[in-house]
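# Fold and contact review
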Amino acid sequence: MLTVAPDSSVAATPTVPKTVYIETFGCQMNHADTEVVLARLEEDGWRRVTALPGANLVLYNTCAVRDHAEAKIRGRLGELRLLKAAQPGLAIGIMGCMAQREKQALIKRFPYVDLVVGTDQFVHMPQLLERVVAGETVVETAFEDFEERSWTATRSSDINAWVPVMRGCNYNCTYCVVPFTRGREKSRDPAQIEQEVRALTAKGFVQVTLLGQTIDAYGKTLGDGTTLARLLERLHAIEGLQRLRFVTSHPLDITDELLDTMARLPKVAKHLHVPAQSGSDRVLRLMGRRYTVADYLRLVERARHRMPAIELLSDFIVGFPRESDEDFAGTVALMEAVRFAGSYTFMYSQRPGTPAAHLADDVPIAVKKARCNQLLDLQLVHQGEAYRTLHGAVRQVLVEGISKSDATMLHGRSEGNLNIVLPLSDAQGRARTHLIGKIVPVRITHSTSLTLFAQPLAEA
Ligand code: SAH
Ligand code: SF4
Ligand code: F3S
């Protein structure tokens, strides 16, 4: 049981400080949710700590998309058993998609967990914690509509802000837990989003990344003609905002209106993350994706026709039930035909309760691994080749900060969202930190298959 006072600022008796350790797994949506929870907790007197030993509350914001993701959380919870025994006042909370999927079952399995909070309920975290303080084991996983004020976030970057504009998913891809863990699609009111983005730019944010599971379907559920294209248009007009991105798109929801709008608006990144998942019509049908390989290739054509330099990203699942060598060869052929700027490949993981769980998970793990490695290698070849053709080219890079992997470099993103790094020091040895948060014309000098290197144009 948590031993902190419900509000330490008015506590009559001295209590343990409200310190929270929070770890986030999974997609950008989860990271954005963590920022909202932190804001709510901070309003309520909580302080974030970066190490477990100093915390009185441990929160895991979890992912359920593959078993591997859940196994990591199970591992973390296993480790906490001893810590909880040594520090009975420690509260343990699970939020996010695994919490939503497993609900009460998580408590059965890990009886020392105090709090299980679903993907819509986390906005009530301070109130839920009060119940934990009072000695209750709390499980709250109902789906609900959000009140707008719940979106205040404590942000981890001061250049780019992640802004969830819709939640949930109305597709039913047969392998996927997201419709179960995030519920039905809900779009936010565009006026509220505009207000939020205006406030962000007033604070100095120069880039906004709109988030949604199928972001290109944004607005459909509002039923008033709102579309992502119109939202982009509206946000584009905001002074101070320099770049607008959005992820992730479903191939079926990319309209000509959206492509035309992207092409026309200079601040919109020329970039689409639009997962193909497979290059076999048979497998796509089993996956419930509702498009064919030819449809996907037509989409690529429609996008490149309007934006020749657009960068396309895909996700692929290998080893879906019944995927034959021939099906897999189709995926390789699709990658060869499109040549993606980037792709993420996942080995199929059977998820309980999904329609595909009725199909035998019959591709041997060794075959899954071999197919996965083959796609990873092919992607690197494509990337390396594409990068080499860019040597000498000029790109407009929004500099986001000092590179996390190399403190002597600045990193940023091109119009097409490609990762580009430039030396932090100029020829005179002066740090170019003044470039952070600015769009800088750069010339690409060299590359590896993973990284593009550049120099600011004025100096190249
Ligand atoms: N909403 C996004 C993706 C959500 S999950 C979209 O529809 O594009 C991110 C990626 O995880 C998916 O694109 C898919 O490639 C992968 N994925 C989802 N379920 C999976 C499963 N059961 N096994 C393996 N990979 C999976
Ligand atoms: Fe999952 Fe499909 Fe929805 Fe994406 S579109 S979240 S893969 S059900
Ligand atoms: Fe994982 Fe949930 Fe995101 S399952 S990928 S955290 S929507």
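So, here's what we can say about the structure. (Residues numbered from 1 in each chain as written. Chains lettered and ligands numbered in written order. Predicted model: local features only at pLDDT ≥ 70, side-chain atom pairs only at ≥ 80, totals over all residues. Heavy atoms only, no water.)

### Considerations on the site of ligand 2
This is how it is decided: We call a residue near a given molecule or strand whenever any one of its heavy atoms falls within 4 Å of it. Three categories are distinguished: nonpolar for Ala, Val, Leu, Ile, Met, Phe, Trp, Tyr, Cys and Pro, charged for Asp, Glu, Lys and Arg, and polar for the others, with Gly belonging to the last.
Near ligand 2, the surroundings consist of Cys169, Tyr171, Cys173, Tyr175, Cys176, Val178, Pro179, Gln213, Thr214, His250 and Arg289. A breakdown of the residues in the shell around ligand 2 according to their chemical character gives 7 nonpolar, 3 polar and 1 charged.

### Considerations on the nonpolar core
The condition is simple: Nine residue types can take part in a nonpolar core, namely buried Ala, Val, Leu, Ile, Met, Phe, Trp, Tyr and Cys, and a core is a set of them joined through side-chain atoms within 4.5 Å. Relative accessibility under 20% of the residue-type maximum defines a buried residue, over 50% an exposed one, and the middle range a partly exposed one, all with a 1.4 Å probe and only protein chains included.
Leu210, Phe246, Leu272 and Tyr296 are the most contacted members of the largest nonpolar core, which totals 65 residues. Formed by 25 residues, the second largest nonpolar core is a distinct cluster that contains Val49, Ala55, Leu90 and Phe110.

### Things to note about the sheet that holds strand E13 (residues 311–318)
Worth spelling out the cut-off: Strands qualify as paired when DSSP identifies two bridges or more between them. Secondary structure follows DSSP: runs of H or I at least 4 residues long count as helices, runs of E at least 2 residues long count as strands, and numbering of each begins at the N terminus. Axes here refer to lines fitted to C-alpha atoms; in helices the fit is confined to the stretch in contact. Angles between the N-to-C directions go from 0 to 180 degrees. The contact definition used throughout considers only heavy atoms, calling two residues in contact when any of these lie within 4.5 Å.
Across the sheet, which stays open at both edges, the 3 strands sit in the order E12-E13-E14 with parallel pairing between neighbours. Two strands lie at the open edges of the sheet, namely strand E12 (271–273) and strand E14 (342–347), each paired on one side alone. Across this sheet, the average inter-strand angle for adjacent strands is 10°, counted without regard to direction. Taken together, the 6 bridges between E13 and E14 define a ladder with parallel strand orientation. Across the sheet, the residue bridging to Asp315 is Tyr344, located in E14. Sheet strands touched by helix H12 (residues 325–338): E13 and E14. Its angle to E13, the strand with the most contacts, is close to 170°. Helix H13 (residues 365–389) contacts E13 and E14 of the sheet and is inclined by roughly 175° relative to E14.

### Side note on the site of ligand 1
For clarity, the cut-off: Contacts described as polar in this section are N or O atom pairs within 3.5 Å, which, within protein, must combine one atom able to donate a hydrogen with one able to accept it, while residues neighboring in sequence count only if both atoms come from side chains. For the accessible areas, the method is Shrake-Rupley and the probe is 1.4 Å, while residue cover comes only from the protein chains on display.
Around ligand 1 sit 15 residues in total, of which Tyr175, Gln213, Gln277, Asp315 and Ser349 are the nearest. Tyr175 places a main-chain nitrogen or oxygen 3.0 Å from a nitrogen atom of ligand 1. Residue Asp315 places a side-chain N or O atom 2.6 Å away from an oxygen atom belonging to ligand 1. Relative to its unbound accessible surface of 540 Å², ligand 1 loses 90% to contact with the protein. Put simply, the parts of the chain that give the shell around ligand 1 at least two residues each are E13 and E14. Among the residues making up the shell around ligand 1, the classes are represented as 7 nonpolar, 4 polar and 4 charged.

### Considering the environment of Leu82
The residue Leu82 is located in helix H2 (residues 67–86) in this model. Under the relative-accessibility criterion, Leu82 is labelled exposed at 69%. Spatially, the C-alpha atom of Leu82 lies 47 Å from that of Gly279, the residues being 197 residues apart in sequence.

### Description of the pattern of salt bridges
The following threshold applies: Salt bridges are defined by distance alone: a side-chain nitrogen of Lys or Arg within 4 Å of a carboxyl oxygen of Asp or Glu.
With the rule as written, the count across this model stands at 33 salt bridges. Here Glu23 and Arg76 are joined by a salt bridge, their closest N and O atoms 2.6 Å apart. One end of the pair, Glu23, is in strand E1 (residues 19–24); the other, Arg76, is in helix H2, with 53 residues separating them in the sequence. Look at Arg76 and you get partly exposed, because its relative accessible area is 24%. A salt bridge links Arg131 to Glu140; its shortest N-O distance comes to 3.0 Å. Taking relative accessible area as the criterion, Arg131 reaches 28% and is therefore assigned partly exposed. Shared partners join several salt bridges into a network, and the residues in it are Asp67, Glu70, Arg74, Arg101, Glu102 and Arg351.

### Comments concerning the sheet that holds strand E7 (residues 160–164)
In spatial order, the strands read E7-E10-E11; together these 3 strands make up an open sheet with parallel pairing. Edge positions in the sheet fall to E7 and strand E11 (243–247), since each of these pairs with one other strand and no more. Pairs of neighbouring strands in the sheet enclose a mean axial angle of 20°, with direction left out of account. Against the sheet, helix H1 (residues 28–43) makes contact with E7 and strand E10 (207–211), and its axis sits at roughly 100° relative to E7, the strand it touches most.

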